[in-house]
Amino acid sequence: MPPLLYLIRHADAEDGADDSARPLSKRGRHQIDELARFLSRSGAFQPAEIWHSPLVRARETADLLRHGLKLHAKHQVVPELTPDSDPGLVAGRLGACLVPLALVGHEPHLGRLASMLVVGRAEPVVFLVKKAAVIALEPGGLRWCVRWHVSPEVIQ
């Protein structure tokens, strides 16, 4: 199990008919630049691996964070991080990861995953992950505990 788990929702994206191909908007790139500056100053974000959804906006969010923070984290596409994926699929993979891990994905998946890890069930959802927000979780026995949560309005 990772010592820390960071759940990051992608930033604002362009509109488009093909949901999987929607890139970050100018606003979204700015959101991630601001988030990277904030996280850099805090020193609180140090993943060794980054997993991201196959959707373009999640990949771009992960790439901008890696470059903005000068992270040498390994990254990989994880198909189970799409908006409607079963959060249990990702939760089941966490036990094999022993380093700080960042997951870049979407709602409602991330909110359901956070709920599952912290309260033990995905429904009802008790976490809403805003665009360009990060929730840091740490193991707390049988469940995970929230270490910190940063939303875009806090860092602007």
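Below is a short write-up of the structure. Everything numeric in this text was worked out from a predicted model, so none of it was measured.

1. So, the overall build of the protein
Next up, step 1: Scanning the protein for helices and strands turns up five helices and six strands.
Next up, step 2: Order of helices (α) and strands (β) in the protein, N terminus to C terminus: β-α-β-α-β-α-β-α-β-β-α.
Next up, step 3: Relative to the globule expectation of 15 Å for 156 residues, the C-alpha radius of gyration of the protein, 14 Å, shows essentially globular dimensions.
Next up, step 4: For the protein, the spread of C-alpha atoms along the principal axes amounts to about 40 × 35 × 30 Å.

2. Quick word on the side chain of Ser53
Next up, step 1: Mapped onto the fold, Ser53 is located in the loop between strand E2 (49-52) and helix H2 (56-68).
Next up, step 2: In this structure the side chain of Ser53 is engaged in a polar contact, spanning 2.7 Å, whose partner is the side chain of His106.
Next up, step 3: Residues within four places of Ser53 in sequence aside, it is in contact with Ala58, Arg59, Val77, Val78, Leu81, Thr82, Val104, Gly105 and His106.

3. Side note on the environment of Pro87
Next up, step 1: Relative to the helices and strands, Pro87 is located in helix H3 (residues 87-93).
Next up, step 2: We classify Pro87 as buried; its relative accessible area is 0%.
Next up, step 3: For the pair formed by Pro87 and Arg112, sequence separation is 25 residues and the distance between their alpha carbons is 6.4 Å.
Next up, step 4: Once you skip the residues sitting within four places of it in the chain, Pro87 turns out to touch His109, Arg112, Leu113, Met116 and Ala122.

Criteria and thresholds
- Residue numbers here run from 1 along each chain, matching the order of that chain's written sequence.
- pLDDT decides what is reported in this predicted model: residues at 70 or higher carry local features, side-chain atom pairs at 80 or more are listed and counted, and totals for whole chains, interfaces and linings draw on all residues regardless.
- Neither water nor hydrogens contribute to the side-chain values; these are computed over all heavy atoms in the structure.
- Elements are defined by DSSP. Helices are runs of H or I of four residues or more, strands are runs of E of two residues or more, and each kind is numbered from the N terminus.
- We take the radius of gyration over the C-alpha atoms and set the globule estimate at 2.2 Å times the residue count to the 0.38 power.
- What qualifies as a polar contact is a pair of N or O atoms within 3.5 Å, subject to a donor-acceptor requirement within protein and to the restriction that residues adjacent in sequence count only when both atoms come from side chains.
- Contacts were defined at the residue level, with two residues in contact if any of their heavy atoms lie within 4.5 Å.
- Relative accessibility thresholds used throughout: buried, under 20% of the residue-type maximum; exposed, over 50%; partly exposed, between the two (1.4 Å probe, protein chains only).

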